[in-house]
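The residues making up each chain are set out below.
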Amino acid sequence: MGVVNKSLLSPDSAEWNVTPEGDPRGYIQPRAIDELWFHTGTGCNLRCPFCLEGSMPGNNRLQPMTLTDVKPFIAEALALGTKQFSFTGGEPFMVSEIIEILDHALDFNTCLVLTNATEPLANRLGRIAPLLGKAFPLSLRVSLDYPDPEKHDAGRGRGNFSLALKTMRQIHRMGFNISIARQSAENEDVEAVNRAYQPIFEEAGIPADTHIVVFPEFHEPGSHLDVPHITESCMTTYKTAAERDQFMCSFSKMVVKKGGRMRVYACTLVDDDDEYDQGGSLAEAMQARVMMKHHRCYTCFANGASCSEL
Ligand code: SF4
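Residues numbered from 1 in each chain as written. Predicted model: local features only at pLDDT ≥ 70, side-chain atom pairs only at ≥ 80, totals over all residues. Heavy atoms only, no water.

Draft legend 1. The arrangement of the overall build of the protein in detail. Check the secondary structure of the protein and you find 14 helices and ten strands. A compact globule built from 310 residues would reach a C-alpha radius of gyration of about 19 Å, and the protein, at 19 Å, matches this within 12%. Each of the three principal axes of the protein carries a C-alpha extent, and together these read 55 × 45 × 35 Å. For the protein, with 310 residues in total, the buried portion stands at 54%. Of the contacts formed within the protein by residues at least 6 apart in sequence, a portion of 73% connects residues at least 24 apart. Carbon and sulfur atoms form 51% of the exposed surface of the protein, whose accessible area is close to 13,400 Å². (Helix = DSSP H or I, 4+ residues; strand = E, 2+ residues; numbered from the N terminus. Rg over C-alpha atoms; globule rule 2.2 N^0.38 Å. Buried < 20%, exposed > 50% of the residue type's maximum accessible area, 1.4 Å probe, protein only. Contact = heavy atoms within 4.5 Å. Areas by Shrake-Rupley, 256 points an atom, 1.4 Å probe, with all protein chains shown as cover.)

As structure tokens, this is what we get:
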């Protein structure tokens, strides 16, 4: 990792740069923006108690974006060689200009939207259909937390497991790419749980081999967890350079609208900590080293968590 260069550290707080034990924190030096995420706001039609973004109806912690907000970042990202634009929330299909935003982004790159595939998407299928004719493909990743309707609906509301599957079947038949995101349990047999989805997919009329992205527990925004601190030494002793390159903050950024301003954060997982606000442009953000201070950094370190499908 080399000698600490003060000019590359941002912000300049002791807590950011050094662990409570006095060791230099581990960090990632961003190398590219292969994927640029847009957080379309923390408004959601559902009220899931486990939401890592704290999203729910009326939540305004992160505000919805307009096409005018997004356009300059798409232009800057294209100049930097970004290969994919991805959209998360909240529920992106709650955002009034989401179709216009996707219509613009799909002129330039592949796009991915994370969705709960309930009413906001189900009610807009007619609006997304024309996006099939764009220059680049649109993929939708649907949250289907467990291969168990009752367990899924306990968090997301009665009937939403079957509604999500029905909407998935419709968007798959329309010709969009689909995948799912699910939650994992500690010490689970990952392959066995993934296999438990296959009969559900088959019965719903979607491909049995639909890609599954597995997420660990991320906890609610603002949570303070007692996790081990990651030092520079941890990052070089336990991770190779190639493994450090796989951290999302090495190859992606996330743009959010906070306090009415468009800001660039280090990744999709740290928007509840303003020390990960890396500036108002992608170029500025690329200058900033990403310190492994957030409790979710430990999840990345220990479990290799990633929102990316790249
Ligand atoms: S949560 Fe993971 S991807 Fe985000 S800044 Fe921390 S280590 Fe990087």
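Draft legend 2. Local environment of the packing of helix α2 (residues 67–79) against helix α3 (residues 98–105). Viewed as axis vectors pointing N to C, α2 and α3 meet at an angle of 20°, and their least axial separation amounts to 10 Å. Considering their axes alone, α2 and α3 lie roughly parallel with respect to each other. You can see that α2 and α3 cross each other, and the crossing is right-handed. Contacts from Leu 67, Val 70, Lys 71 and Ile 74 of α2 reach α3 at Glu 100, Ile 101, His 104 and Ala 105. The residue makeup of the contact of α2 with α3, split by class, is five nonpolar, one polar and two charged. (Axes fitted to C-alpha atoms, helices over the stretch in contact; angles between N-to-C directions. Parallel < 35°, antiparallel > 145°, perpendicular 65-115°, else oblique. Left-handed = near helix turned anticlockwise from the far one by under 90°. Nonpolar A, V, L, I, M, F, W, Y, C, P; charged D, E, K, R; others polar.)

Draft legend 3. How the structure looks around α3. Taking burial as the measure, the eight residues of α3 include six buried ones, the bulk of the element. Every buried residue of α3 is accounted for by Ile 98, Ile 99, Ile 101, Leu 102, His 104 and Ala 105.

Draft legend 4. Seen up close, the pattern of salt bridges. One pass over the full model with this rule turns up 16 salt bridges. Here Asp 245 and Arg 31 are joined by a salt bridge, their closest N and O atoms 3.5 Å apart. A residue pair is termed long-range when its members are at least 10 positions apart, and Asp 245 in the loop between α11 (241–244) and α12 (248–251) and Arg 31 in the loop between β1 (27–28) and β2 (35–39) qualify at 214 residues. Given the relative accessible area of 32%, Asp 245 is considered partly exposed. (Salt bridge = Lys/Arg side-chain N within 4 Å of Asp/Glu carboxyl O.)

Draft legend 5. Spatial organisation of the sheet that holds strand β5 (residues 138–143). Strand order in the open sheet formed by eight strands is β7-β6-β5-β4-β3-β2-β8-β9, and the pairing between neighbours is mixed. Each edge of the open sheet is held by one strand with a lone partner, namely β7 (211–215) and β9 (261–265). Between one strand axis and the next, the sheet turns by 25° as a mean value, whatever way the strands run. Alignment of strand β6 (residues 177–183) against β7, held across five bridges, turns out to be parallel. If you follow Arg 182 over to β7, its bridge partner there is Val 214. (Pairing = 2+ DSSP bridges.)

Draft legend 6. Quick peek at the site of the ligand. The full set of residues close to the ligand is Phe 247, Met 248, Cys 249, Cys 267, Leu 269, Val 270, Val 290, Met 292, Arg 296, Cys 297 and Cys 300. Where the shell around the ligand is concerned, the elements lending two or more residues are α12 and α14 (295–303). At three residues, α14 tops the list of elements feeding residues into the shell around the ligand. Here the residues of the shell around the ligand are counted per class, giving ten nonpolar, no polar and one charged. (Near = heavy atom within 4 Å.)

Draft legend 7. Quick peek at the packing of aromatic side chains. One pass over the full model with this rule turns up five aromatic pairs. Note on Phe 38 and Phe 87: the rings are 5.4 Å apart at their centroids and 20° apart in plane angle, and the pair reads as stacked. Placement of the pair is Phe 38 in strand β2 and Phe 87 in strand β3 (residues 84–88), with a sequence separation of 49 residues. Like Phe 87, Phe 38 is buried. In textbook terms, an aromatic cluster arises when at least three aromatic residues are bridged by ring pairs, as seen for Phe 38, Phe 85 and Phe 87. In this arrangement the basic side chain of Lys 151 is found over the ring face of Tyr 146, its NZ or CZ atom lying 4.3 Å from the centre. (Phe/Tyr/Trp six-rings, centres within 6.5 Å; stacked < 30°, edge-to-face > 60°. Lys NZ or Arg CZ within 6 Å of the ring centre and 35° of its normal.)

Draft legend 8. α2, seen in detail. Across its 13 residues, α2 extends 18 Å between first and last C-alpha, which sits within 8% of the 18 Å expected from 1.5 Å per residue. Burial in α2 covers these residues: Leu 67, Asp 69, Val 70, Phe 73, Ile 74 and Ala 77. Buried residues in α2, looked at end-on, bunch into an arc of 140°, giving them a common side. The exposed set on the far side of α2, more than 90 degrees from its buried face, consists of Thr 68 and Ala 79. Positive backbone phi, approximately 90°, marks Gly 81, located one or two places after α2. (Expected span 1.5 Å × (residues − 1). Arc of directions from axis to C-beta.)

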